[in-house]
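One-letter residues, chain by chain:
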Amino acid sequence: MNKIIRKLAPETYLQSYASLFKLGTPVLLTQLGIIAVSFADTMMVGAYGLNELAAAAFVNSLFIIIIVMLFGFSGGVTPLIGALYGKGEHEEGGTMLRAALQVNIMVAMAFTIVMVGVYFLLDRFGQDPDLLPIAREYFLIILFSLIPMAIFNCFQQTANGTTDTATPMWMILGADVLNIGGNYLLIFGKCGLPELGLTGAGISTLVARTCSCLGIVAVFAFRKRYKVYWKALFHSHAGRERRKRLWVTSYPLMVQSGIECGLWSVGAVVSGWFGKIQLASYQVMNTIAQLGYMTYMGFGIATSIRVANFTGIGDIPGIRQITKAGLHMVLALATLASLVFFFFTEPLVHLFTPEHEVALKALLLIIPLILYQYCDGVQLTYVNALRGTSEVKPLLWISIVSYIVVGIPLMLFMAVTLDMETVGVYYSFSGALFVASVLLILTYQRVLRRLENKKR
């Protein structure tokens, strides 16, 4: 273990890059797999019909908040498991997994109840009435995938915390293949199956998420590496204190993730005010945007894992260096993504829609998309660094200030008052992310000074 976790000297950046590359590459491949599914969903649904594409954009904009919040909440597991792994306390890690499952399933059930309420309010969001019958069926199917997703997240974050980022990668990539195949069969009615359109895409997503959940549970049950964790999972008592500790570590991440993602969901609703053409173009551009965000998110997660490992042994210089190395890698990937967006704009847009008007509106969003890549990369790195230290409570007020106090008014001003419509929505993201980046850097420096003072 000492060979894995050790105090790093300032000149060992190459070692930092290497460790992040080793951890981050499986996560990167996982994110690319998710992007592939998102691309395939949008392409197949877009090819099926404009109404289906716009309905998918509307429903996904509502569920993405919940999905991101569930993932953010499970993110509280990683620093706790990572610190225990760094100290070699594997049995305690299994007990912590038990507590994580209990808390995460309860949160997923609460979100399911909330979304049932949202279902009965779908006609209150000011969307095109033609979309509602299609959207309602799709909404209900996605609703049933929340609990399997929460269970998968717990096992995924536990594996990540033990530096095993490859296992979740294979589970998600397998689910992606299943999802894309199901889309082909059920959206268009191939191989004698019924033609279900957007409903078919929803069924494919539900089946894929359920299978990935069962798959990762099977890995923990039968793989030797997780024998101690599996045994503790069934033969230990989680206890109120562990559940409380998980809640305290997890809920700020959940709220931060939800508020940030909520800004993009508000963007979808606002774009829908200007018609289904603008809403469909917004969906196309958000799908393309994932090529950047989901790609460098992998190295943000790797940074969080390494920071958690260093936090477990109190190595503050190691935390500083691994965070800087992570930032370098994320910004390099953000630059690469921006170059792809700039030079391959039209081919990317036309991949997702044959509708000429949708493509024209989407092309207008490329420049504002490129502008926010760098602030997004910075804020993602420092969110994950703070997550690795378990000092996550400041993320609450940072999110409120950046995305609610600044982001939403700026969006309404640019989109409605300045009459920039969906282009204004996209430009407002840069302002919100810039504010978040500055506040996160200042908070990160303050947290590390406090950790240094504790050591003294």
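Because the structure is a prediction, the values reported are computed rather than measured.

## Focus: the environment of Leu279
Along the chain, the position of Leu279 falls in helix H11 (residues 276-312). Measuring from C-alpha to C-alpha, the distance between Leu279 and Val269 comes to 8.0 Å, with 10 residues separating the pair along the chain. Beyond its immediate chain neighbours, meaning those up to four positions away, Leu279 contacts Ala54, Ala57, Phe58, Gln127, Leu131, Ala268, Ser271 and Gly272.

## Focus: the state of the cysteines
Inspection of every chain in the model, using the stated rule, returns zero disulfides. Lacking any disulfide linkage, Cys154 is separated from the closest cysteine sulfur, that of Cys213, by 9.6 Å.

## Considerations on the pattern of salt bridges
Counted under the stated rule, the structure contains five salt bridges. In this structure, Glu391 engages Arg450 in a salt bridge whose closest nitrogen and oxygen atoms are separated by 3.1 Å. Within this pair, whereas Glu391 is found in the loop between helix H16 (373-389) and helix H17 (394-417), its partner Arg450 is found in helix H18 (residues 421-455), the two being separated by 59 residues in sequence. Owing to a relative accessible area of 22%, Glu391 belongs among the partly exposed residues under this scheme. Judged by relative accessible area, which is 34%, Arg450 ranks as partly exposed.

## Focus: the confidence of the model for the protein
Residues of the protein with pLDDT of at least 70 account for 95%, and the chain-wide mean is 85. Low pLDDT, under 50, characterises residues 1-11; the predicted model gives this stretch 22 contacts beyond four residues in sequence or across chains.

## As for the packing of aromatic side chains
All told, the structure shown has 19 aromatic pairs when counted by the stated rule. Ring centres of Trp247 and Tyr251 lie 5.4 Å apart, and the angle between their planes is 20°; on these two criteria the pair is classed as stacked. Residue Trp247 and its partner Tyr251 are both found in helix H10 (residues 239-272); the two are separated by four residues, about one turn of the helix. Under the relative-accessibility criterion, Trp247 is labelled partly exposed at 39%. For Tyr251, a relative accessible area of 22% translates into the label partly exposed. Ring pairing ties together the aromatic residues Trp264, Tyr282, Tyr372, Tyr426 and Phe429, which thus form one cluster.

## Structural notes on the packing of helix H3 (residues 77-86) against H11
Across the interface, H3 lies against H11 with an axial gap of 7 Å and an inter-helix angle of 50°. What the angle tells us is that H3 and H11 run oblique. Judged by the sense of rotation from one axis to the other, the crossing of H3 with H11 is right-handed. Between H3, through Thr78, Pro79, Gly82, Ala83 and Tyr85, and H11, the contact on the second element is made entirely by Ile305, Ala308, Asn309 and Gly312. Classifying every residue of the contact of H3 with H11 gives five nonpolar, four polar and no charged.

## Digging into H3
Of all 10 residues that make up H3, 10 are buried, and the element is covered over most of its length. Here H3 has its buried residues at Val77, Thr78, Pro79, Leu80, Ile81, Gly82, Ala83, Leu84, Tyr85 and Gly86. Taken from the residues just after H3, Gly88 is the one with a positive phi, measuring 80°.

## Let's talk about H17
The end-to-end C-alpha separation of H17 is 32 Å, in line with the 34 Å expected for 24 residues at 1.5 Å each. The largest bend along H17 reaches roughly 40° and is located at Gly407, with the proline Pro409 sitting one to four residues downstream. Taken as a whole, H17 has its buried residues at Pro394, Leu395, Leu396, Ile398, Ser399, Ser402, Tyr403, Gly407, Met411, Met414 and Ala415. If you follow the buried residues of H17, they end up packed against H10, H16 and H18. Taken from the residues just after H17, Asp419 is the one with a positive phi, measuring 60°.

## Description of the packing of H10 against H17
Packing of H10 against H17 leaves a shortest axis separation of 9 Å and a crossing angle of 5°. The pairing of H10 with H17 is recorded here as roughly parallel in orientation. Residues Tyr251, Pro252, Leu253, Val255, Gln256, Ile259, Glu260, Leu263, Val266, Gly267 and Val270 of H10 pack against Leu395, Leu396, Ser399, Ile400, Tyr403, Ile404, Gly407, Ile408, Met411, Leu412 and Ala415 of H17.

## Here we look at the side chain of Ser281
On the secondary structure map, Ser281 appears in helix H11. Among the residues examined, Ser281 registers a relative accessible area of 1% and is labelled buried. Every residue in contact with Ser281, bar those within four places of it in the chain, is listed here: Val358, Lys361, Ala362 and Leu365.

## Concerning a nonpolar patch on the surface
A cluster of nonpolar side chains, contributed by Leu339, Phe342, Phe343, Phe344, Ile367 and Leu371, occupies part of the molecular surface with about 640 Å² of accessible area. When contributions to the nonpolar patch are tallied by element, the ones reaching two or more residues are helix H12 (316-343) and helix H15 (366-371). Among the elements that make up the nonpolar patch, the one with the highest residue count is H12 (three residues). Assignment of secondary structure puts Phe342 in helix H12.

Each value, and the rule that gives it
Each residue is numbered by its place in its chain's sequence as written, counting from 1. Local features in this predicted model are restricted to residues whose pLDDT is 70 or higher, and side-chain atom pairs enter the listing and the counts only when it is 80 or higher, whereas totals over whole chains, interfaces and linings include all residues. To obtain the side-chain values, all non-hydrogen atoms of the structure were included, while hydrogens and water were left out. Under the DSSP-based scheme used, a helix requires at least four consecutive residues in state H or I and a strand at least two consecutive residues in state E, with every element numbered from the N terminus. Should any heavy atoms of two residues lie within 4.5 Å, those residues are counted as being in contact. In this description, the term disulfide denotes a pair of cysteine sulfurs within 2.5 Å. Any carboxyl oxygen of Asp or Glu within 4 Å of a side-chain nitrogen of Lys or Arg constitutes a salt bridge here. Remark: exposure states derive from per-residue accessible area (1.4 Å probe, protein chains only) relative to the maximum for the residue type, with buried under 20%, exposed over 50%, and partly exposed in between. Think of pLDDT as the predictor's per-residue confidence, scored from 0 to 100. When the centres of two rings from Phe, Tyr and Trp lie within 6.5 Å, Trp using its six-membered ring, the rings pair. Their planes under 30 degrees apart give stacked, over 60 give edge-to-face, and anything left gives tilted. Angles here are taken between N-to-C directions and fall from 0 to 180 degrees, while the axes themselves are lines fitted to C-alpha atoms, restricted in helices to the stretch in contact. Angles below 35 degrees are treated as roughly parallel, those above 145 as roughly antiparallel, those between 65 and 115 as roughly perpendicular, and all remaining angles as oblique. By definition, turning the near helix anticlockwise from the far helix through less than a right angle yields a left-handed crossing, and turning it clockwise yields a right-handed one. Under the scheme applied here, ten amino acids are nonpolar (Ala, Val, Leu, Ile, Met, Phe, Trp, Tyr, Cys and Pro), four are charged (Asp, Glu, Lys and Arg), and all others, including Gly, are polar. For a helix, the expected span equals 1.5 Å multiplied by the residue count minus one. Note that the bend at a residue is defined as the angle between axes fitted to the seven residues ending at it and the seven residues starting at it. Only residues whose relative accessible area exceeds 30% and that form no salt bridge are eligible for patches; like-charged ones are grouped when within 9 Å, while nonpolar side chains (Val, Leu, Ile, Met, Phe, Trp, Tyr) are grouped when within 5 Å. Residue-level accessible areas treat just the shown protein chains as cover; the underlying method is Shrake-Rupley with a 1.4 Å probe.

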